[in-house]
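Coordinate inspection notes
Chain by chain, the residues:
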Amino acid sequence: MRVKLLYHTDIEALKRVLAQRGVPFDPELLMDHVVYMFEIEDCSRVTTHQLVRHRAASYDQESQRFSAATKEGMVTPPNIQSSEAAYKAYDEALKVIYSSYDKMVAAGVPKEDARYILPSAIKTKLVMTLSARSLMHIVWQRTALQAQWEIRELAATLHNLAKEATPELWTKVIER
Amino acid sequence: MWSSPMPERTIAVAMRRCFSTKVIEEIEAELEQKGPEYWKYLLTKALQDKSLDVLEHFTMTFFLEGANDAEVGGLIRNFPYLRATLLKGSDWMLSMNGRTLVELWRDPRGKEFAGLVVSELDSRSVCPVFSELAFGERVHAS
C-alpha cells in the first residue's frame, strides 16, 4: 500500500486571517476548514469498501468498468500467506477466477460485466479529499483494535501524513 | 482566503484516477505534458456528463463578514456540505468544494451567495477556466 498527500490547506493563511480579526487561534475552529487530498494506491477493495463508509469525504476511485484486472494485482492477507494449505486454496481460486475473466473479455463481454466475478482482494487506487474533522473520525475508528489489519495500517498512515503536514491540529489525537 | 492549488489540474487528476491504472506520478506527468487545454477538455466533459464528484477535490475557505445566524443557518440547512464556523460577532469562516459551489449557483436559494464567492475567486484569478465553464452565464452577462 502507498499513500501520498497531494495537497493540504495552508493553515498559516487561515491563522493570519484569525490574527487580523483578533480571534485567538484554536485548533477546534479550523477542524472543518483544513482539508487534505490523498492518493491511496494498492490497497484492496475490501479496505476501500470500509473506507467509503466514511461518507463525509470525497472519493474518486479507479473504475473496473474501464480498466482490465490482472491476477498480479492482489492483496494477500497475512493469515492466508502464512498457511501453506490456505494459500494453495486462495491461489487456486484466483487462477480459476482470472482464467474465467479473461475468457469472458475475450468473448466480447464488456469489462464492466466481466468484473462481477472479480475478488475483493484486488488492488485499487483512489483519491480522497476530506476535512481534518472527518479524517480524525477515521483515525479514531479505524486504528482501533477491532478494525481490520489493512485499514488500520491505512488509518495510521493517513494520521502520520496529516500530523506531519499540520501538527498543530493533531496534538490531541491518539490512535487506539 | 485560501483555495486548493491549480483547481482545473486537480479536477483533471481526479477524473483520470477513475479511468487510469497508472500511479499518481504518471497521471500528473501525463497531465503536465498534455497541458491546460486537456484539463479544460476533461472539465468540460465532467460538466456535460454531470459527473460533478470530481469537482469535490477543488476546495476553498472564505471569510464572511456581517452575516447573521439566520442567513448562514438558512444556507447550511439547504446546502449541508457547506461548512461554517462563527468566529466573532457576525464574522464567519466558510468552507466548501467546487461541487457545492456549482450546486449553490444552480439553486435560487444559493445563487446570491455563490455569486459573491465566484466574484472573489475571479478577482484572484483562482480558477478562470472552471469559472468560465461552470458559471458561464454570468461571464457572458458582464
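Residues numbered from 1 in each chain as written. Chains lettered and ligands numbered in written order. Predicted model: local features only at pLDDT ≥ 70, side-chain atom pairs only at ≥ 80, totals over all residues.

**Comments concerning the interface of chain A and chain B**
Of the residues lining the interface, 28 residues belong to chain A; the matching set on chain B comes to 27 residues. Sorting the residues of the side of chain A that touches chain B by element identifies β1 (2-8), α1 (11-20), β2 (35-44), β3 (58-61) and β4 (123-131) of chain A as the ones contributing at least two each. In terms of residue count, β4(A) provides more of the side of chain A that touches chain B than any other element does, 5 residues in total. Along the lines of polarity and charge, the residues of the side of chain A that touches chain B split into 11 nonpolar, 8 polar and 9 charged. (Contact = placed C-beta atoms within 7 Å. Helix = DSSP H or I, 4+ residues; strand = E, 2+ residues; numbered from the N terminus. Nonpolar A, V, L, I, M, F, W, Y, C, P; charged D, E, K, R; others polar.)

**Some details on the packing of helix α7 (residues 132-142) of chain A against helix α8 (residues 149-165) of chain A**
Residues and elements named next belong to chain A. As a packed pair, α7 and α8 sit with axes 9 Å apart at the nearest point and diverge in direction by 140 degrees. Classified by the interaxial angle, the pair formed by α7 and α8 is oblique. For the pair α7 and α8, the crossing hand works out as left-handed. Within the contact between the two elements, α7 uses Leu 135, Ile 138, Val 139 and Arg 142 and α8 uses Ile 151, Arg 152, Ala 155, Leu 158, His 159 and Ala 162. (Axes fitted to C-alpha atoms, helices over the stretch in contact; angles between N-to-C directions. Parallel < 35°, antiparallel > 145°, perpendicular 65-115°, else oblique. Left-handed = near helix turned anticlockwise from the far one by under 90°.)

**Some points on the nonpolar core**
Taken as a class, soluble globular proteins show a tendency for nonpolar side chains to be buried jointly. Ranked by internal contacts, the top residues of the largest apolar core, which has 62 residues, are A:Leu135, A:Leu158, B:Ile11 and B:Ala12. Take this core: its biggest share by element is 6 residues, from β2(A). (Core = buried A, V, L, I, M, F, W, Y, C linked by C-beta atoms within 7 Å. Buried ≥ 20, exposed ≤ 12 C-beta atoms within 10 Å, placed from the backbone.)

**A closer look at the domain arrangement of chain B**
Residues and elements named next belong to chain B. Assigned domains within chain B: domain 1 (2-54) and domain 2 (58-141). Using only C-alpha atoms to locate each centre, domain 1 and domain 2 end up separated by 22 Å. In this complex, domain 1 contributes 13 residues to the contact, which on the side of domain 2 involves 13 residues. Of all the elements in the fold, those that place two or more residues in the side of domain 1 that touches domain 2 are β1 (2-3), α1 (7-19) and α3 (36-48). When the residues that make up the side of domain 1 that touches domain 2 are grouped by side-chain class, the tally is 6 nonpolar, 4 polar and 3 charged. (Domains from an automatic or database assignment.)

**A look at the sheet that holds β4(A)**
Residues and elements named next belong to chain A. Across the sheet, 4 strands lie side by side as β1-β2-β4-β3; this open sheet has antiparallel pairing. Single-partner strands in this sheet number two, and they are β1 and β3. Within this sheet the neighbouring strands show an average axis-to-axis angle of 20 degrees, counted without direction. Bridge count between β1 and β2: 6 bridges; the pairing is antiparallel. Its bridge partner lying in β2, Leu 5 is registered against Phe 38. In the packing of α7 onto the sheet, contacts are made with β2 and β4, and the angle to β4 comes to roughly 125 degrees. (Pairing = 2+ DSSP bridges.)

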